[in-house]
Amino acid sequence: NGRPLVADGAMGTALFALGLPAGEAPEAWLLSEAGAAAIGSAHRGHVEAGARLLLTSSFGANPLRLAGSSIAGRADEVCRVAVAVARRTAGTGTIVAGSLGPTGGVLAPYGPLDPGAVRAAYAQEAAALASAGVDVLWVETMMDLQEALAAVDGAREAAPEVPVVATLVFSRGRTMFGDRPADAAAALAEHGVVGVGANCGEGFASVEDVIEAMAGVVPGLHVIAKANAGAPRREPDGRTVYPATPDEAAAYALRVADAGATIIGGCCGTTAAHIGAISNVLSGPAGTQ
């Protein structure tokens with residue numbers, strides 16, 4: 001309808017509020033009855049707030065990332081359950097995107113991970129997500145463009161019929177490894193993605209700063225903005241707080257829409273209230289593109 005698609009908000013920070021035990025990975029909790037119910041509740045809150053795209057709770061389900069954990073070797077199972085939980089909540093008219101997060105390691109030549117092994121691990125995860133029925137494969141929170149490209153290549157090799165998007169983390173206009181937004185978008189487009197963007201980071205500004213640069217690179221690419229609810233701060237009681245309000249989220253949504261974003265949601269600290277504010281402001285005349 002000419003307006004940006006509203007994506008969901010945070011999963012990880014939402015789960016702490018829903019009872020995720022300290023020290024337990026969301027992917028492991030997902031495999032319990034209580035965890036699956038909590039993750040379904042988080043999905044439901046975002047859908048009821050107006051999200052029309054849900055990311056599965058498979059962010060950490062890369063086989064390399066799970067190695068050595070309590071659920072090592074169970075990546076395919078995590079992906080299958082994550083998609084099933086999201087599908088039950090999504091219903092009709094809501095896109096289910098299979099989340100593929102970073103391995104947590106560093107690729108050669110800067111680190112010990114072999115790029116071929118990384119690509120193969122992403123291919124395995126993507127195959128499991130595609131088999132379970134996702135609509136899109138969503139490579140996210142990448143700090144290294146080379147890892148993002150390995151993930152995209154693995155995903156497209158494993159499931160060539162499923163569209164792939166990729167988002168990176170930027171700070172002061174660059175990734176951790178120095179990649180500029182326009183260069184990253186161009187490289188990802190050459191590898192066949194249908195969407196590029198930025199997520200996480202240091203709050204709304206860190207995402208806003210790169211959207212316009214990405215939007216003008218390749219005509220027809222979706223441009224994705226999923227910012228944290230402000231820069232996190234540590235409270236005296238040890239809690240991590242994301243200070244941005246729903247009203248601030250709505251203002252951010254309008255700014256990135258004007259800059260060219262076609263898919264807008266939130267990352268760490270964004271709640272159903274933030275997504276509701278984004279959905280409301282984008283559905284009115286002021287949000288019309």
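Here's a quick rundown of the structure.

So, how was this worked out
Within each chain, residues carry numbers counting from 1 in the order of the written sequence. The model is predicted, so local features are restricted to residues of pLDDT at least 70 and side-chain atom pairs to those at 80 or more, both for listing and for counting; the totals for chains, interfaces and linings are taken over all residues. Water and hydrogen atoms were dropped before computing side-chain values, which therefore reflect all heavy atoms in the structure. A pair of strands is labelled paired if DSSP reports no fewer than 2 bridges between them. Secondary structure elements follow DSSP: runs of H or I no shorter than four residues count as helices, runs of E no shorter than two count as strands, and numbering proceeds from the N terminus. Two residues form a contact once any of their heavy atoms are found within 4.5 Å. To get an axis, fit a line to the C-alpha atoms, keeping to the stretch in contact for a helix; angles then go from 0 to 180 degrees between the N-to-C directions. Burial status follows relative accessibility: with a 1.4 Å probe on protein chains alone, a residue under 20% of its type maximum counts as buried, one over 50% as exposed, and anything between as partly exposed. Every crossover in which the path from the first strand over the helix to the second runs clockwise, viewed with the strands pointing away from the viewer, is termed right-handed. For this count, His and the chain ends are skipped, Lys and Arg are scored as positive, and Asp and Glu as negative. Salt bridge, as used here: a side-chain nitrogen of Lys or Arg that lies within 4 Å of a carboxyl oxygen of Asp or Glu. Two N or O atoms count as a polar contact when they lie within 3.5 Å, although within protein this holds only if one can serve as hydrogen donor and the other as acceptor, and sequence-adjacent residues are included solely when both atoms are side-chain atoms. Patch construction takes residues with relative accessible area above 30% that form no salt bridge. Like charges are linked within 9 Å, and nonpolar side chains (Val, Leu, Ile, Met, Phe, Trp, Tyr) are linked within 5 Å. Computed with a 1.4 Å probe, the accessible areas rest on the Shrake-Rupley method; for each residue, only the protein chains presented here act as cover. Here the nonpolar core consists of buried residues drawn from Ala, Val, Leu, Ile, Met, Phe, Trp, Tyr and Cys, with membership extended through side-chain atoms lying within 4.5 Å. Here a pair means two rings of Phe, Tyr or Trp (six-membered ring of Trp) with centres within 6.5 Å. Their orientation is stacked below 30 degrees between planes, edge-to-face above 60, and tilted elsewhere.

### Some thoughts on the sheet that holds strand β7 (residues 222–227)
- Here we have eight strands laid out as an open sheet, ordered β1-β10-β7-β6-β5-β4-β3-β2, and parallel in their pairing. In this open sheet, the two strands that pair with only one neighbour each are β1 (5–6) and β2 (53–55).
- As paired strands, strand β4 (residues 136–142) and strand β5 (residues 164–168) are joined by four bridges and run parallel to one another. Directly across from V139, in β5, lies its bridge partner A166.
- Sheet strands touched by helix α7 (residues 145–158): β4 and β5. Its angle to β4, the strand with the most contacts, is close to 165°.

### Quick word on the pairing of β5
- With five of five residues buried, β5 lies mostly within the body of the structure.
- Across the two faces of β5 the burial is the same, with V164, A166 and L168 and V165 and T167 all buried.
- Running through α7, the crossover from β4 to the neighbouring parallel element β5 is right-handed.
- Direction of pairing for β5 relative to strand β6 (residues 195–200): parallel, over a ladder of four bridges. Along β6, the bridge assignment pairs T167 with G197.
- In the classification by handedness, the crossover that spans β5, the intervening helix α8 (residues 181–190) and the parallel β6 is right-handed.

### A few points about the environment of L54
- When you line up the elements, L54 lands in strand β2.
- The residues touching L54, leaving out its near neighbours within four places in the chain, are D8, H43, H46, V47, A86, A90, T94, I95, V96 and A97.

### Some thoughts on the side chain of E147
- With respect to the element layout, E147 can be found in helix α7.
- Buried within the structure, E147 lacks any salt-bridge partner; R65 is the closest side chain of opposite charge, at an N-O distance of 7.3 Å.
- Looking at E147, its side chain comes within polar contact range of the side chain of Y122, at 2.7 Å.
- In this structure, E147 is in contact with P102, T103, G105, L107, V118, Y122 and M142, ignoring residues within four places of it in sequence.

### Topic: a nonpolar patch on the surface
- A cluster of nonpolar side chains, V106, Y110, M143, M176 and F177, forms an exposed patch at the surface whose accessible area comes to about 540 Å².
- Tracing the sequence through the fold places V106 in the loop between β3 (95–100) and α6 (115–132).

### Structural notes on the nonpolar core
- Counting 84 residues, the largest nonpolar core has L137, L188, Y252, I264 and I278 as its most contacted members.
- A total of eight residues in this core trace back to one element, the largest contributor, which is helix α5 (residues 75–90).
- Those residues in contact with L137, other than ones at most four positions away along the chain, are G98, L100, A126, L129, A155, A159, V162, P163, V164 and V165.
- Listed in part, the nine residues of the second largest apolar core include A7, L53, L55 and A97.

### A closer look at the packing of aromatic side chains
- Evaluated as defined, the whole model comprises two aromatic pairs.
- When the ring of Y110 is compared with that of F177, the centres are 5.8 Å apart and the planes differ by 50°; the resulting orientation is tilted. Separated by 67 residues along the polypeptide, Y110 in the loop between β3 and α6 and F177 in the loop between β5 and α8 bring together distant segments of the chain.
- With a relative accessible area of 34%, F177 lands in the partly exposed category.
- Pairing F204 with Y252 gives two aromatic rings, centres 4.5 Å apart and planes at 15°, and the pair type is stacked. On the criterion of sequence distance, the pair formed by F204 in helix α9 (residues 204–215) and Y252 in helix α10 (residues 246–259) is long-range, its members being 48 residues apart. The exposure classification of F204 matches that of Y252, with both residues buried.

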